[in-house]
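# Commentary on secondary and tertiary structure
Here is what each chain is made of, one letter per residue.
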Amino acid sequence: MNRSLKKSLFAAASAIAAITVTGGAVAFCGFYVGKADTKLFNKASKVAIMRDGKRTVITMANDFQGELTEFATVIPVPVVLEEEQIHVTENAILDHLDAYTAPRLVEYFDEDPCVMYDRMEMMAAPAMSVGAVDKLRKKDSLGVTVEAEYTVGEYDIQILSADQSDGLAAWLKENGYKLPDGAEKTLESYIKQGTKFFVAKVNLAEQAATGLKYLRPLQIAFESPKFMLPIRLGTLNADGKQQLFAFMLTRSGRVETTNYRTVKLPTGMDIPVYVKNDFGAFYKSMFEQQVEKENERAVFLEYAWDMNWCDPCAADPLSQDELRELGVYWVGGDDKPGIMPRRPMPQARDVFVTRLHISYDAEHFPEDLMFKETNDRSNYQGRYVLRHAYKGDAQCEAAEQYRANLPKRYESEAQTLANLTGWDIDAIREDMNEAGQSFEEPKKDSWWKRLWGNDAKEG
Amino acid sequence: MALSFIKDPRIYQIVTLSGLLAFGWSAHAFEIDPIQFAAIVLASCATQWLGSLLIATRPDFKSPLITALSLTLLLRADAIWPLAAAAAIAIGSKFALRLGGKHIFNPANIGIVAMVLFTDAAWTTPGQWGTAVWFAVLLAGAGLFVSYRSARFDVPLVFLGVYAVLVFGRALWLGDPLAIPLLRLENGALILFAFFMISDPKTSPDGAIARAAFAGGAALLAYLMMFHFYIADGMFYALAILCLARPLLEWANPAPHYRWGDPVASLRSIGRRQPSKTNSTHPVPAE
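Below, the structure is looked at part by part. (Residues numbered from 1 in each chain as written. Chains lettered and ligands numbered in written order. Predicted model: local features only at pLDDT ≥ 70, side-chain atom pairs only at ≥ 80, totals over all residues. Heavy atoms only, no water.)

The subject of this paragraph is the packing of helix 9 (residues 397-421) of chain A against helix 10 (residues 425-434) of chain A. Residues and elements named next belong to chain A. It is at 9 Å that the axes of helix 9 and helix 10 come closest, and there the two elements cross at 130 degrees. As the angle between them shows, helix 9 and helix 10 are arranged oblique. Crossing geometry of helix 9 relative to helix 10 is assigned as right-handed. Contacts from Tyr 410, Glu 411, Glu 413, Ala 414, Gln 415, Leu 417 and Ala 418 in helix 9 reach Ile 425, Ile 428, Arg 429 and Met 432 in helix 10. In terms of residue class, the contact of helix 9 with helix 10 is built from seven nonpolar, one polar and three charged. (Axes fitted to C-alpha atoms, helices over the stretch in contact; angles between N-to-C directions. Helix = DSSP H or I, 4+ residues; strand = E, 2+ residues; numbered from the N terminus. Parallel < 35°, antiparallel > 145°, perpendicular 65-115°, else oblique. Left-handed = near helix turned anticlockwise from the far one by under 90°. Contact = heavy atoms within 4.5 Å. Nonpolar A, V, L, I, M, F, W, Y, C, P; charged D, E, K, R; others polar.)

Now for helix 2 (residues 9-26) of chain B. Taking 1.5 Å per residue, 18 residues should reach 26 Å; helix 2 of chain B reaches 25 Å between its end C-alpha atoms and fits that length. Buried residues of helix 2 of chain B: Pro 9, Arg 10, Gln 13, Ile 14, Thr 16, Leu 17, Leu 20, Leu 21 and Gly 24 of chain B, and no others. (Expected span 1.5 Å × (residues − 1). Buried < 20%, exposed > 50% of the residue type's maximum accessible area, 1.4 Å probe, protein only.)

Turning next to the packing of aromatic side chains. All names here are of chain A. Following the criterion strictly, the structure yields 20 aromatic pairs over all chains and no others. Judged by centre distance (6.0 Å) and plane angle (55 degrees), the ring pair of Phe 71 and Tyr 155 falls under tilted. Just as Phe 71 is buried, Tyr 155 falls in that class too. Linked through ring pairs, Tyr 100, Tyr 303, Trp 305 and Trp 309 together constitute an aromatic cluster. Here the basic side chain of Arg 232 rests over the ring of Tyr 190, its NZ or CZ set 5.9 Å away from the ring centre. (Phe/Tyr/Trp six-rings, centres within 6.5 Å; stacked < 30°, edge-to-face > 60°. Lys NZ or Arg CZ within 6 Å of the ring centre and 35° of its normal.)

With that settled, consider the sheet that holds strand 16 (residues 255-257) of chain A. Residues and elements named next belong to chain A. Read across the sheet, three strands follow the order 14-21-16 without closing on themselves; strand pairing throughout is antiparallel. At either end of the open sheet lies a strand with only one pairing partner, and these are strand 14 (228-229) and strand 16. Judged from the three bridges that link them, strand 16 and strand 21 (residues 369-373) form a sheet pairing that is antiparallel. Of the residues in strand 21, the one forming a bridge with Thr 257 is Phe 371. (Pairing = 2+ DSSP bridges.)

The interface of chain A with chain B comprises 26 residues on the first partner and 31 residues on the second. For the pairing of chain A and chain B, the buried interface totals around 2400 Å² over both sides, and the portion due to carbon and sulfur atoms is 48%. Here chain A and chain B share three salt bridges between them. For Glu 367 of chain A, the salt bridge is made with Arg 184 of chain B, and the minimal N-O distance between the two is 2.9 Å. Our enumeration of links across chain A and chain B arrives at 13 residue pairs in polar contact (both at pLDDT 80 or more). Listed by contribution, the elements that provide at least two residues to the side of chain A that touches chain B are helix 4 (183-192), strand 16, strand 17 (261-264) and strand 21 of chain A. Of the residues assigned to the side of chain A that touches chain B, the class counts are four nonpolar, nine polar and 13 charged. (Buried area = accessible area lost by both parts, 1.4 Å probe. Salt bridge = Lys/Arg side-chain N within 4 Å of Asp/Glu carboxyl O. Polar contact = N/O pair within 3.5 Å; in protein donor to acceptor, adjacent residues only side chain to side chain.)

All right, on to the environment of Asp 154 of chain B then. Within the secondary structure layout, Asp 154 of chain B lies in helix 8 (residues 154-174). The spacing of Asp 154 of chain B and Ala 212 of chain B is 58 residues in sequence and 7.2 Å in space, taken between C-alpha atoms.

Residues and elements named next belong to chain A. The buried fraction of strand 11 (residues 155-162) amounts to seven of the eight residues, a majority that puts the element mostly inside the structure. If you look at the hairpin formed by strand 10 (residues 144-152) and strand 11, you'll find two residues sitting between the two strands, and Gly 153 has a positive phi there, around 55 degrees. Where strand 11 lies against strand 12 (residues 196-202), six bridges are found, and the strand directions are antiparallel. Looking at the pairing, Asp 156 lines up with Lys 201 of strand 12.

Next comes the structure, spelled out in structure tokens:
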């Protein structure tokens, strides 16, 4: 008898890779404002937030792809930031966090039904310095105070406070920032709430010195009772919906939004094996379907897990160094990035990661995202299962039964897929047929064929 | 006898809260483990039974059932014990923490506050209510209001009114789109809190003026905590604080204590509205 091979599978499944199909500019919490008249759009962004009490570190990925001279961003921040509170980090860390928390595809290969049912789990792995200038505080005629100016990494940064939104808008325009329509009103709301503004452009000389072709993530550290992410400015110049991935690193447990419903995505379903060829398309359709189902107003939970381990691991948990870089100040900084799948680490790291995915626009998400850390430490992951049928030529009653049940199983997988994605069920069945998941009832041998050595006679 | 049984608003509350729970369950609006629900009900009723035994009265299980339903709808935990403990604290407080012949705290409220404030094992989910569930809660609350309008239904109306004025006022001052305050009001937990928790006649003042101050004060405090101090559980803390301040309000605006089944004497006493004849025997809503 052939026993099925236990194989492992690595299918690129980063939701970022799957969802971000837009290319072009991407916002973090703020909006991009072009210095020339090029219209810039924000579509997807990645943000990691460390939160412990009032302590907050926000890391904002930057996949801006336009001319570097065009890059400019305005981010509302709760306080004036000192130079040491601003940092530039590496893309790789956010990519690792993305990979570790990405929704995953797992694959099972059915055992020979004549031997026993056993399951083997496999998983799909997903893809993937500071210099100072001077500090000054001056208030100009527009009522805008430049509270501080720094050059951090490849960015020229100014921290502004303002009395009036029109003054701030005029100041930004004078300084080459292009504001989307309606920005004044939103800026006014932030100003009245005592918000400061973090504005950044690329310092071309510093950028050239990095030798990198891309912009690195910006980080800010501050203390604030407000646990939130400003998204309102980013919706102003957006053409259609934007995607936001928020990775929350906390001590006590899962993070959810208090002003929007947080929903767990459907998980753990068996889906047809051909989905393996295009998990990205599946995930994108499923996500869009769920967004629709929640009237486009929900925040989706894609992962909630204790950072000590994972099962199955889409990528190794982050090392202590990586966690510290993301602002998790309570973990030690001297371990080696290592292999620690499937089993809790000996020393607890006390880091809980929550991955939230939000598809938003101004109409459905009028208010900034307000968060709350819960004490929920139960694990959740977006996980979709492929079950490969046993292909060997097992000859026993159990095998016949098994084969007879396959069409029913395929049908239920087809239904599941259609429900999750809204895809046409007939097209799904066709694709399944092509991929070898046939809905035809297998021919049944007469029971006496296995009597008196008939099967042996037939050879 | 049968009529007076139906007229007890607690029956209405048990039915509507159970309906909400069933609706939330079937619509997958919230994750509640049936075992957790059973534990909450059991702990509530057991504590009520024990307390009644200690003070030698006949136990009535309507109130603990309402408390249990409120806790099930508003409090979450991974384990069973925090929820059972919340239920025990809630009902226990009715017997243990009393002043002037009344219990001090709203039972479900103090159960939630105690667990959220003093343990790391439970949490509330203020944002977990979809629009459909929000609407269901609003309907249930409105139904309660229509059925028992002669009762002290000024509490949820004053609470929601003051809260709405504050969030809309804030939006107007900030120049925010009105979608923002609307979003804040379309919150199932808020509506449930207003119609099924703070409205409890046993833990709100008996005098109409004191009651308005109580509801309005709770709304103001909840607003301040939520919007100026960013405390997501602000409304629960606000009610607990107002319950502590209630004796003062009652001292300033004295009125006879409410008993289940009482007609609403206090409304009559300020002469604002005479309960109609048909409604005159309606008792008041319960927590």
